[in-house]
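Here is what each chain is made of, one letter per residue.
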Amino acid sequence: MEEKRGPLLKQEEEPWRVLEFYSGIGGMRYSLMKAGINAKVVEAFDINDKANDVYEHNFGHRPYQGNIETLTAADLDNYGAHTWLLSPPCQPYTRQGLQKQSGDARAVSFLKILELIPHTKQPPNMLFVENVVGFETSDTRAKMIEILASSEYITQEFILSPLQFGVPYSRPRYFCLAKRKPLSFQHGVCNNKLLWSPSPLFEHNENTVSDGWDQPPSNWDTLIHSCEPIERFLEFKSSSDQVTGTDVSADCSGALENIDERNLNTMSQYVVPLSLIERWESAMGILVTFASLYFMQFKFTSSILFII
């Protein structure tokens, strides 16, 4: 994955030093670059060796693979990071899980990292947290807000879907942004609120939040009409077994011509059995391709990093 930076990069400024916790294959890092932020990821952390293989392939750096619960405040100070990106395990909060919240062992490391903040000599100036819908009602989130408030952070929380950014992908996600005083947000009207719309970030009225922005949209699906066509995000495999990709501005109207009968037969092995669809329909989304989904999510997350 080529490391490209967006148009807002100002080379004369000192880059943000960033720690990327639960880095996976590098979604947060790629979104950071696509947002055009002048930043340098000084360390990434993930326990999964396969994810770290992909991350290393994409960025030329292998994340720290130890147990982050063993990190100390001094360890974090040594990185001199201005910003932390955190996408902790979502299983304790998913609708299909046990919803044990902070009682789930997979939630422990996140809270331990946050609890180190008051003990650091150089707390991060900013934090960006992402998780599934359901996190916002958890005791983990309540503990997080308590720790941040006691450490002089201002927070803004959102539940947003790629659909609200023109991406044809219905995947609402929770986001928390935090800045440590004396830093402040450009749109102070969103401070210490949980909103379901990005609209306040584009409004000129700094005094009020309109009715409804603090409630879930009545129907996410109506937003699909304002999105880019899904064909602009697809990848196709030609008869030469080469993947041809498109970006959001590309015209792939002729790409279907590259799919021959042999490729269709090959793809049939990946068809999900009807019995599974009928059983798990309520928990399933209609997905495109793994790569296309990640491109959509990068575009979405980078949009949030850009407008904040």
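Residues numbered from 1 in each chain as written. Predicted model: local features only at pLDDT ≥ 70, side-chain atom pairs only at ≥ 80, totals over all residues. Heavy atoms only, no water.

S.K.: Please provide a residue-by-residue account of the overall build of the protein, values included.
M.R.: When helices and strands are counted, the protein shows eight helices and nine strands. With 308 residues in all, the protein has 44% of them scored as buried. For the protein, long-range pairs separated by at least 24 residues make up 65% of all intrachain contacts whose partners lie at least 6 apart in sequence. When the accessible surface of the protein is split by element, carbon and sulfur atoms take 50% of a total near 16800 Å². (Helix = DSSP H or I, 4+ residues; strand = E, 2+ residues; numbered from the N terminus. Buried < 20%, exposed > 50% of the residue type's maximum accessible area, 1.4 Å probe, protein only. Contact = heavy atoms within 4.5 Å. Areas by Shrake-Rupley, 256 points an atom, 1.4 Å probe, with all protein chains shown as cover.)

S.K.: If you had to explain the pattern of salt bridges to someone new, which residues and values would you point to?
M.R.: One pass over the full model with this rule turns up five salt bridges. For R62, the salt bridge identified is with E56, shortest N-O distance 3.0 Å. Judged by its relative accessible area of 31%, R62 falls in the partly exposed class. The partly exposed category is assigned to E56, whose relative accessible area is 35%. For the salt bridge of K112 with E69, the shortest nitrogen-to-oxygen distance reads 3.8 Å. Of the two residues, K112 is situated in helix α4 (residues 108–115) and E69 in the loop between α2 (49–59) and α3 (73–79); the sequence distance between them amounts to 43 residues. Judged by relative accessible area, which is 40%, K112 ranks as partly exposed. Judged by its relative accessible area of 30%, E69 is partly exposed. The structure contains a network of salt bridges with shared partners spanning D53, E56 and R62. (Salt bridge = Lys/Arg side-chain N within 4 Å of Asp/Glu carboxyl O.)

S.K.: Mind laying out the pairing of strand β4 (residues 126–132), listing which residues take part and the relevant values?
M.R.: For β4, a buried count of seven out of seven residues is recorded, marking the element as mostly surrounded by other parts of the structure. As paired strands, strand β3 (residues 83–86) and β4 are joined by four bridges and run parallel to one another. Residue pairing in the sheet places L86 in a bridge with V129 of β4. Judged from the seven bridges that link them, β4 and strand β6 (residues 173–180) form a sheet pairing that is antiparallel. Along β6, the bridge assignment pairs N131 with Y174. (Pairing = 2+ DSSP bridges.)

S.K.: I'd like to hear about the sheet that holds strand β2 (residues 39–45), residue by residue, with values.
M.R.: Pairing within the open sheet is mixed, and its seven strands lie in the order β2-β1-β3-β4-β6-β5-β7. In the strand order of this sheet, the two ends are held by β2 and β7 (194–195), each with one partner. Against the sheet, α4 engages β1 (16–21), β3 and β4, with an angle of about 165 degrees to β3. (Axes fitted to C-alpha atoms, helices over the stretch in contact; angles between N-to-C directions.)

S.K.: I'd like a rundown of the side chain of S31, residues and numbers included.
M.R.: Looking at the element boundaries, S31 is found in helix α1 (residues 27–34). Classification of S31 as buried rests on a relative accessible area of 1%. Here G27 takes part through its backbone oxygen, which lies 2.9 Å from a polar atom of the side chain of S31. (Polar contact = N/O pair within 3.5 Å; in protein donor to acceptor, adjacent residues only side chain to side chain.)

S.K.: Run through the packing of aromatic side chains, naming residues and quoting values.
M.R.: For the structure on display, the rule yields nine aromatic pairs. Arranged with centres 5.4 Å apart and planes meeting at 65 degrees, the rings of F21 and W84 form a pair that is edge-to-face. Residue F21 is located in strand β1, and its partner W84 is located in strand β3; the two are separated by 63 residues in the primary sequence. Of the two residues, F21 and W84, neither departs from the other in class, the shared state being buried. Taken together, a centroid distance of 5.8 Å and an interplanar angle of 35 degrees make the contact between F128 and F175 tilted. Separated by 47 residues along the polypeptide, F128 in strand β4 and F175 in strand β6 bring together distant segments of the chain. (Phe/Tyr/Trp six-rings, centres within 6.5 Å; stacked < 30°, edge-to-face > 60°.)

S.K.: Pulling in residues and values, what's your account of the UniProt feature "active site" (unreviewed entry) in the protein?
M.R.: Residues annotated in UniProt with the feature "active site" (unreviewed entry) correspond here to C90. Within the secondary structure layout, C90 lies in the loop between β3 and α4. (UniProt positions renumbered as here; feature names shortened; annotations may be inferred.)

S.K.: With reference to specific residues and values, describe the side chain of E43.
M.R.: Within the secondary structure, E43 sits in strand β2. Of the side chains bearing the opposite charge, R29 lies closest to the buried E43, which forms no salt bridge; the N-O distance is 7.7 Å. A polar atom in the side chain of E43 sits 2.8 Å from the side chain of H61. Those residues in contact with E43 that sit more than four places away from it in its chain are V18, L19, E20, H61, R62, P63, Y64 and Y79. (Lys, Arg positive; Asp, Glu negative; His and termini not counted.)

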